[in-house]
Amino acid sequence: MTSVLDVRHLVKEYPVRSGVLRRVTGSVKAVNGISLTLERGRTLGLVGETGCGKSTVGRCLVGLIEPTSGSVLLDGVDVSAMSGRELRAARRRIQLVFQDPYASLDPRQSVEAIVSEPLRLHGLARGSESARAAALLDLVGLSSSVLQQYPHELSGGQRQRVGIARALALEPEVMVLDEPVSALDVSVQAGILNLLEELQRELNLAYVFIAHDLSVVRHVSHEVAVMYLGRIVEYVDADTLYSAPQHPYTQALLSAVPLPDPRAERSRKRILLEGDLPSPIDLPTGCAFRSRCWKATDVCSSIPELRTTDYHAVACHNADQV
Amino acid sequence: MASPEPSPTSAPASASGATVKRPGFWRRFSRHRLAVLGAVILALLAIACYGAAFVAPFPQDQQDLLLGPVPPSAEHWLGTDELGRDYLSEILYAGQLSLSLAIAVALISTAIGVFVGAVAGYRGGWVDDVFMRITDLFLVVPAIALLALALQGLGPSPVSIVIVLSLLGWTYIARVVRGQVVSLREREFIDAARVIGATHQQVLMRHVLPNLSGVIAVNVALAVAGAIIVESTLSFLGFGVQPPQSSWGNMLSQASGLIGTPKV
């Protein structure tokens, strides 16, 4: 298989310190053994509620956070073991688009400086950086008249396009999109999503699309991985996930997505989860979801593995039979 | 490319040409009246002091022993000292030394402070702890006493005054810069720079320090004023610039005995 991105058993733990001596008394398992594969030209949706570790996964992929264990393979090459110059060269091929386009652009730099900075750092397009920057802006649908402008002079959608142009400057193969539209107006979201799809077709990019909005994820993803408290609970192609979800958590999430048809909306049954998200410092033993699950039985006191049947992976003892 | 957003070319400022005409730095600066007034006063002061050879009414140290000390008059605007030297000319020439010392101290101490603060704030952890405790140590030492001692040891030449004042004056800006860097470090555009492959050094130089330029500029300005006062204090106490070189401080100290004496 020619997967461009291969993530194996990724774990990120944060130590919890307490007392005067700041001794390590426990750990938060933000990401708890996640494996993903992604092929060229495909989009993997990564969904889950706030604090489930999906952004941590994205940051581990681009090297902002060093994973505690596990490996990240780009085109079969393990980049999580590299460091220094080697790592920076390898990381060129996987880039991140940030959630908040207001915070992720340096307010002191002009658009031209922002977009051409990656070129300068890697010595690309020497001597013709501004021409390349203009070409990149054209690619994301901005005219070259914004080159001399500063981020505060641009709208949210324009800024996010600048952020995408900056990520594209290094000609990456994989782009991690960390909630790229959730900070934008709904009217602007569609424009950015269409742009991302167009770029994927033109440049054969692979996307890891991190989001909490299930309807957006359905629109863009080929496969979807649902995360709950640092683990993947369901991993399947997008159509199957939305038509026949297996994990009770996924079913509960999907039942909360509003339907455009009011009659269908009235007649369907909402699944209301009880209780709060458990503290990730003190996870329930066994299945992490069993404290809120209406299907929980005695078998749930052991941790359910991600079982794969016909490309449909579910981590639940009591999942509906396929 | 069709998109529901307003396209950037629809902005009126950019409708005419390919690139947006931006008002230059001087155009924007000239709109600020108080800033212009301040700049003019500074420029006049600098011209008067550094161009003293052309501006001052009398040459440096020109004595007129027959005249002796006289009160301000049309010829000597600020009077003369007991050797008949013109005070106004003397002040302008002394300003060369005082201003040079102060500017050198301000630049060097700000550079040290920005370096220490930026590294401490950016690296965090034990580096931060060590750097900031050293800063605290410098803050609690009584500056004037240490200055007097150090200048006794090094000899009170202008260069040693600059070195000693710079080594004592960097603590304030170091604390300010550290605080700013700690908050800047968490901003997303710093992460963005890391993702595109910038080293820590490049992040500091290209993204952290430019965002502190305002704080740094203000500190240099305040440090110049502070250094003039400290240098004057030292010279007044006799530890600073020594005669026959004159600075604003030792001119004050020489003239202090004359306060309250009647006009001749």
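Below you will find a few notes about this structure. Worth saying up front: this structure is predicted, and the values here are computed from it rather than measured. (Residues numbered from 1 in each chain as written. Chains lettered and ligands numbered in written order. Predicted model: local features only at pLDDT ≥ 70, side-chain atom pairs only at ≥ 80, totals over all residues. Heavy atoms only, no water.)

**Remarks on the sheet that holds strand E1 (residues 3-18) of chain A**
All names here are of chain A. As summarised here, the arrangement of the 4 strands in space is E2-E1-E4-E5, forming an open sheet in which the pairing is antiparallel. Each edge of the sheet is formed by a strand with only one pairing partner; in this case those strands are strand E2 (23-39) and strand E5 (77-78). Note: E1 against strand E4 (residues 69-74), 5 bridges, orientation antiparallel. Its bridge partner being in E4, valine 11 is matched across the sheet by serine 69. Against the sheet, helix H1 (residues 54-62) contacts E1, E2 and E4, and its axis sits at roughly 115° relative to E1. (Pairing = 2+ DSSP bridges. Helix = DSSP H or I, 4+ residues; strand = E, 2+ residues; numbered from the N terminus. Contact = heavy atoms within 4.5 Å. Axes fitted to C-alpha atoms, helices over the stretch in contact; angles between N-to-C directions.)

**Topic: the packing of aromatic side chains**
Inspection of the entire model under this criterion finds 5 aromatic pairs over all chains. Aromatic pair A:Tyr249 and A:Phe289: ring centres 5.2 Å apart, planes at 65°, arrangement edge-to-face. Of this pair, A:Tyr249 sits in helix H9 (residues 248-255) while A:Phe289 sits in the loop between helix H10 (262-267) and strand E11 (307-309); the two residues are 40 residues apart in sequence, bridging distant segments of the chain. Here A:Phe289 falls in the buried class, since its relative accessible area comes to 2%. Their ring planes at 85° and their centres at 5.8 Å tell us that B:Trp26 and B:Phe29 sit as a pair that is edge-to-face. (Phe/Tyr/Trp six-rings, centres within 6.5 Å; stacked < 30°, edge-to-face > 60°. Buried < 20%, exposed > 50% of the residue type's maximum accessible area, 1.4 Å probe, protein only.)

**Notes on the packing of helix H5 (residues 156-168) of chain A against helix H6 (residues 186-203) of chain A**
All names here are of chain A. Look at H5 against H6: their axes get within 10 Å of each other, and the N-to-C directions meet at 20°. As judged from the angle between their axes, H5 and H6 are roughly parallel. Both H5 and H6 take part in a crossing whose hand is right-handed. Contacts between H5 and H6 pair Gly157, Gln160, Arg161, Ile164 and Leu168 from the former with Val188, Gly191, Ile192, Leu195, Leu196, Leu199 and Leu203 from the latter. The class makeup of the residues in the contact of H5 with H6 is 8 nonpolar, 3 polar and 1 charged. (Parallel < 35°, antiparallel > 145°, perpendicular 65-115°, else oblique. Left-handed = near helix turned anticlockwise from the far one by under 90°. Nonpolar A, V, L, I, M, F, W, Y, C, P; charged D, E, K, R; others polar.)

**Looking at the interface of chain B and chain A**
Across the contact, 29 residues belong to chain B and 44 residues belong to chain A. Where chain B meets chain A, there are 3 salt bridges. Measuring nitrogen to oxygen at the nearest pair gives 3.6 Å for the salt bridge that ties B:Glu188 to A:Arg59. Summed over the shared surface of chain B and chain A, the number is 10 residue pairs in polar contact (both at pLDDT 80 or more). Of all the secondary structure elements, the ones that give two or more residues to the side of chain B that touches chain A are helix H9 (188-195) and helix H10 (200-208) of chain B. Ranked by residues supplied to the side of chain B that touches chain A, first place goes to H9(B) with 6 residues. (Salt bridge = Lys/Arg side-chain N within 4 Å of Asp/Glu carboxyl O. Polar contact = N/O pair within 3.5 Å; in protein donor to acceptor, adjacent residues only side chain to side chain.)

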